[in-house]
Amino acid sequence: MFGKWAITSAFNSVILFTTEVFPTNARNTAFGICLFAARVGAMLSPFSIFLAGIHRWLPIVIFAAMSIVSAFVVLLLPETLNRPLPETIEQIKAWDKQQKYWSFELPKLPNQTALST
């Protein structure tokens, strides 16, 4: 059950992030291509059982390797916190020049005042 939750969470995060990264004039096309690639992967995954005929551990190794590679590729995605969504390709190029990759800084929260009673 945890696996189903993790897959659903990852898929929903991808859908949300995809709409934030692409500029407005190319967002629908890029979103469609990303969803198409996800559906192709979903269609091919049931056939991975046939790889077990070659070696019993082959499907597990392939899925584990793809998960690890995906985890590192995600680190290359731009940070979108407190930034306006890009409208044009030129804004994406400018965004890329300002981007800090491999930045693990936590966002600064606004100062909260204590409520007096």
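Above: the structure in question.
Residues numbered from 1 in each chain as written. Predicted model: local features only at pLDDT ≥ 70, side-chain atom pairs only at ≥ 80, totals over all residues. Heavy atoms only, no water.

Novice: Is there a simple way to think about the overall build of the chain in this case?
Specialist: Scanning the chain from N- to C-terminus turns up four helices and zero strands. Along the chain, helices and strands appear, N-terminal first, in the series α-α-α-α. Expressed as a percentage of the 117 residues in the chain, the buried residues total 11%. In the chain, once contacts between residues fewer than 6 apart in sequence are set aside, the share between residues at least 24 apart is 54%. Surface exposure of the chain reaches about 10,100 Å², of which carbon and sulfur atoms provide 70%. (Helix = DSSP H or I, 4+ residues; strand = E, 2+ residues; numbered from the N terminus. Buried < 20%, exposed > 50% of the residue type's maximum accessible area, 1.4 Å probe, protein only. Contact = heavy atoms within 4.5 Å. Areas by Shrake-Rupley, 256 points an atom, 1.4 Å probe, with all protein chains shown as cover.)

Novice: I keep staring at the packing of aromatic side chains and nothing clicks. Help me out?
Specialist: What characterises a pair of aromatic rings is the spacing of the ring centres plus the angle enclosed by the ring planes. In total, this model carries one aromatic pair according to the counting rule given. Taken together, a centroid distance of 6.2 Å and an interplanar angle of 25° make the contact between phenylalanine 47 and phenylalanine 50 stacked. (Phe/Tyr/Trp six-rings, centres within 6.5 Å; stacked < 30°, edge-to-face > 60°.)

Novice: Explain the environment of serine 67 here, please?
Specialist: For serine 67, the location among the structural elements is in helix 3 (residues 58-74). By relative accessible area, which is 48% here, serine 67 ends up partly exposed.

Novice: Before we go on, may I ask you to explain a nonpolar patch on the surface in this structure?
Specialist: Judged by side-chain polarity, Leu44, Phe47, Ile49 and Phe50 come together as a nonpolar surface patch covering roughly 480 Å² of accessible area. Within the element layout of this structure, leucine 44 appears in helix 2 (residues 27-44). (Patch = residues over 30% accessible without salt bridge, like charges linked within 9 Å, V, L, I, M, F, W, Y side chains within 5 Å. Salt bridge = Lys/Arg side-chain N within 4 Å of Asp/Glu carboxyl O.)

Novice: Even after reading the chapter, I still don't get the packing of helix 1 (residues 2-21) against helix 2, so can you show me in this structure?
Specialist: For any two helices packed against each other, one specifies the inter-axial angle together with the distance between the axes. Two numbers describe how helix 1 lies on helix 2: the axes approach to 9 Å, and their chain directions differ by 160°. Accordingly, the angle class assigned to the pair helix 1 and helix 2 is roughly antiparallel. Crossing angle aside, the handedness with which helix 1 passes helix 2 is right-handed. Mapping the contact onto sequence places Phe11, Ile15, Thr18 and Thr19 in helix 1 and Arg27, Phe31, Cys34, Leu35, Ala38 and Arg39 in helix 2. (Axes fitted to C-alpha atoms, helices over the stretch in contact; angles between N-to-C directions. Parallel < 35°, antiparallel > 145°, perpendicular 65-115°, else oblique. Left-handed = near helix turned anticlockwise from the far one by under 90°.)

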